[in-house]
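Geometric and topological summary
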Amino acid sequence: MWRRLLPMLVVIGLGLAVLAAGLGTLHGIFVREREEGRRALEDQRRALELYARRALTDALRRAMEEATPRLQQAAVDPLVPDSDVLLFRAGRQLLPRTSAPRGDDATPARTVHEVLEAQGPGVLASKEDPEEPWAERLRLMDRFLSALKSSERPEMERALREWLAHRARFVLPVAKDTAAAVWLLERFQATGTPDPMLMRSLLRDGVQGVSGSRVEGLQRVLLERREAFGRSDFAFLRERIAHLSELTHVDYVDFNQRAEAEPGARIPLTLPLTEPQLRPEGWYVEPAGRDGARGVRVGATALIESVRAEMRARALLDEDDRLLLSRTDTPAPLSTLAVALESPRMVAAVSELDSGYRLKALLLGLSGALALAIIGLAVLAHERKARFLALRSEFVSTVSHELRTPLSAIRVMAETLERRVGGMPGAGNYPSRIIAEADALGRLVENILTYNRLEKGRWESRREQVPLDALLQRVVEDATAQNATRVELKADGLTGASVPGDPELLRMLFSNLVHNACRYTTRTPVELRVEARKDGATVVRFTDNGVGIPRESWEAIFEEFRRLRREGLPARGGSGLGLAICRRIMTLHGGTVRVAASSPEGTTFELTFPPA
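In what follows, the accompanying structure is described. (Residues numbered from 1 in each chain as written. Predicted model: local features only at pLDDT ≥ 70, side-chain atom pairs only at ≥ 80, totals over all residues. Heavy atoms only, no water.)

A few words now on the overall build of the protein chain. Assigned secondary structure in the protein chain consists of 16 helices and 17 strands. In the protein chain, which comprises 612 residues, the share counted as buried stands at 38%. In the protein chain, once contacts between residues fewer than 6 apart in sequence are set aside, the share between residues at least 24 apart is 65%. By element, 54% of the accessible surface of the protein chain is carried by carbon and sulfur atoms, the whole surface being about 33,800 Å². (Helix = DSSP H or I, 4+ residues; strand = E, 2+ residues; numbered from the N terminus. Buried < 20%, exposed > 50% of the residue type's maximum accessible area, 1.4 Å probe, protein only. Contact = heavy atoms within 4.5 Å. Areas by Shrake-Rupley, 256 points an atom, 1.4 Å probe, with all protein chains shown as cover.)

As structure tokens, this is what we get:
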């Protein structure tokens with residue numbers, strides 16, 4: 001008993017020593033505690049501010065990482081919105097785009113379109129210098145329209161390829177080139193049946209030439225070169241391109257949005273950057289090369305609020321706590337960015353330290369007395385519990401042992417009675433019933449004794465290779481002899497299969513499973529299917545044809561003294577220890593047992609034995 005009490009006595013002794021030391025140095029402890037409390041609050045404040053700063057830095061970097069694909073796409077595609085991304089290359093701002101149509105009202109594009117509409121490319125080409133690229137462009141357009149009218153598809157495709165190749169090879173004034181392309185595609189759409197994918201390429205996606213050259217779609221050309229157009233020309237071409245896109249079922253909503261968007265503001269960024277910074281205009285900017293930078297628009301207030309919400313969710317901040325950025329009016333490098341915490345809770349905690357200082361002297365004295373009382377009660381309760389458990393275990397063991405002898409005598413006398421009066425009129429089946437009940441009570445006593453020995457760790461197990469086939473045949477034969485119900489065994493993969501373990505414990509393991517199958521069934525005969533497979537560990541699946549186990553009870557049935565009551569089954573004896581013993585036996589062998597499946601057609605137990 002003293003060995004069981006030793007750990008508790010050691011703890012109690014240490015507690016008393018600490019208590020005595022505390023009472024002896026009461027005043028010094030109180031003073032140090034107050035100062036340490038203040039320092040702890042200040043350290044907590046600094047730690048929370050550091051956490052908030054790191055969380056804010058991580059949020060800024062995550063925002064940059066999330067915006068990087070959009071930034072890279074916007075850098076090459078004018079259809080992608082660029083109002084929330086920033087890009088500098090070679091000291092020049094690329095994003096947000098600051099270009100806009102010119103402020104004049106010159107209309108060269110509208111004029112080209114109107115002349116083509118009135119005269120056609122053939123007539124217009126005859127008035128130009130035949131050696132000029134513009135005249136050749138007009139002749140190619142005329143050839144394409146002629147092929148379109150004659151419905152000669154090979155000629156039409158050849159003329160279209162030549163026109164595209166000429167556009168890729170010769171750079172004409174953008175207003176003239178764009179207006180002519182818009183007019184030609186309008187004729188193509190009006191007089192022919194253009195392929196939707198071709199129109200999408202010409203209007204939006206662009207066309208890749210065989211020599212590596214590329215002709216961009218008209219939507220992108222207009223947006224990329226908007227500074228080359230006057231306001232009237234830009235609006236005219238935008239309207240014509242959008243209308244043509246609508247007629248040919250090509251996306252144009254984002255094109256209209258980008259065309260209507262105001263040009264981005266110029267960011268007064270000083271290059272080169274030495275480190276990432278948060279700017280007062282609402283940009284987070286990182287260096288990108290010597291004379292480059294990239295960034296994303298962020299809301300510093302919203303980010304601080306998101307950090308505050310995250311810290312509140314983690315129970316780091318209270319509802320009234322606030323986080324403030326130290327600098328918001330000038331560009332702030334991340335290395336100097338600071339977050340300040342305003343916490344009414346910490347202010348109140350400092351005042352509470354002073355009032356607590358005056359109360360703790362009295363409370364400590366009362367706590368010492370209470371601690372001594374609790375220690376005494378704990379020792380007494382622990383000693384009584386240990387005595388109760390020892391008496392219970394001894395009682396169970398003694399009673400179980402004492403029951404063995406009269407049970408054996410009852411069975412012997414019942415067998416003798418059965419031999420002498422069996423078959424006599426009036427004897428009935430009483431002798432066999434006495435034997436069966438004695439066997440059942442014997443199994444109950446055996447289970448209790450086994451459980452008691454396993455619980456105390458007194459079972460001296462021996463390990464050997466136990467053949468499963470022979471073991472199960474013997475268990476089934478014993479069950480058939482002890483139960484009125486016939487038991488049939490269907491084995492699969494048991495020939496030559498064996499598991500390492502204690503033969504007696506394994507016999508008890510499978511005996512409990514078989515007797516449970518006999519007890520919880522309404523079918524005759526009791527059918528058992530046992531299959532084994534070996535893949536490193538040996539897995540044995542034991543299936544019966546019983547009434548099944550509810551899903552919610554699959555784990556509870558392995559608890560001690562737990563028995564299921566099922567409607568339709570007669571009340572039968574048992575200790576509720578059978579499956580608990582099975583689990584302890586499998587644990588002793590380093591394995592596991594669980595319910596793998598169960599239904600009104602039967603239950604499957606899966607036993608996993610570790611490799612030998």
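Right, let's talk about the side chain of Arg 204 for a bit. Note that Arg 204 resides in helix H7 (residues 196–205). Accessibility expressed as a relative area gives 9% for Arg 204, which makes it buried. A polar side-chain atom of Arg 204 sits 3.2 Å from the main-chain carbonyl oxygen of Asp 251. Once residues within four sequence positions are removed from consideration, Arg 204 is found in contact with Leu 79, Met 199, Gly 217, Leu 218, Gln 219, Arg 220, Val 250, Asp 251, Tyr 252 and Asp 254. (Polar contact = N/O pair within 3.5 Å; in protein donor to acceptor, adjacent residues only side chain to side chain.)

With that settled, the discussion passes to the nonpolar core. Leu 116, Met 141, Phe 144, Trp 163, Leu 185 and Leu 237 are the most contacted members of the largest nonpolar core, which totals 48 residues. The biggest single contributor to this core is helix H6 (residues 174–191), with 10 residues. Each residue touching Met 141, except ones within four places of it in the same chain, is listed here: Leu 116, Pro 121, Trp 163, Ala 180, Trp 183 and Leu 184. Core analysis: the second largest hydrophobic core is formed by 41 residues, Ile 549, Trp 554, Met 586 and Phe 609 among them. (Core = buried A, V, L, I, M, F, W, Y, C linked by side-chain atoms within 4.5 Å.)

Let's shift gears to the sheet that holds strand S12 (residues 487–492). Sheet strands pair via backbone hydrogen bonds, and the direction of the pair is either parallel or antiparallel. Pairing in this open sheet of five strands is mixed, and the strands run S12-S14-S15-S17-S16 from one edge to the other. Edge positions in the sheet fall to S12 and strand S16 (592–599), since each has one partner strand and no second. With strand direction ignored, the average angle separating the axes of adjacent strands in the sheet is 20 degrees. In this sheet, strand S17 (residues 602–609) lies alongside S16 in antiparallel orientation, the contact comprising seven bridges. Its bridge partner lying in S17, Ser 598 is registered against Thr 603. The strands that helix H15 (residues 503–519) touches are S12, strand S14 (526–535), strand S15 (537–543) and S17; relative to S17, the one it contacts most, it runs at about 170 degrees. (Pairing = 2+ DSSP bridges. Axes fitted to C-alpha atoms, helices over the stretch in contact; angles between N-to-C directions.)

The subject of this paragraph is the environment of Leu 494. Structurally, the position occupied by Leu 494 is in the loop between S12 and strand S13 (498–501). Its relative accessible area of 2% is what places Leu 494 among the buried residues.

With that settled, consider the side chain of His 113. Structurally, the position occupied by His 113 is in helix H3 (residues 108–126). Leaving out residues up to four positions away in the same chain, His 113 has contacts with Ala 179, Val 182, Trp 183, Glu 186, Phe 236 and Arg 240.

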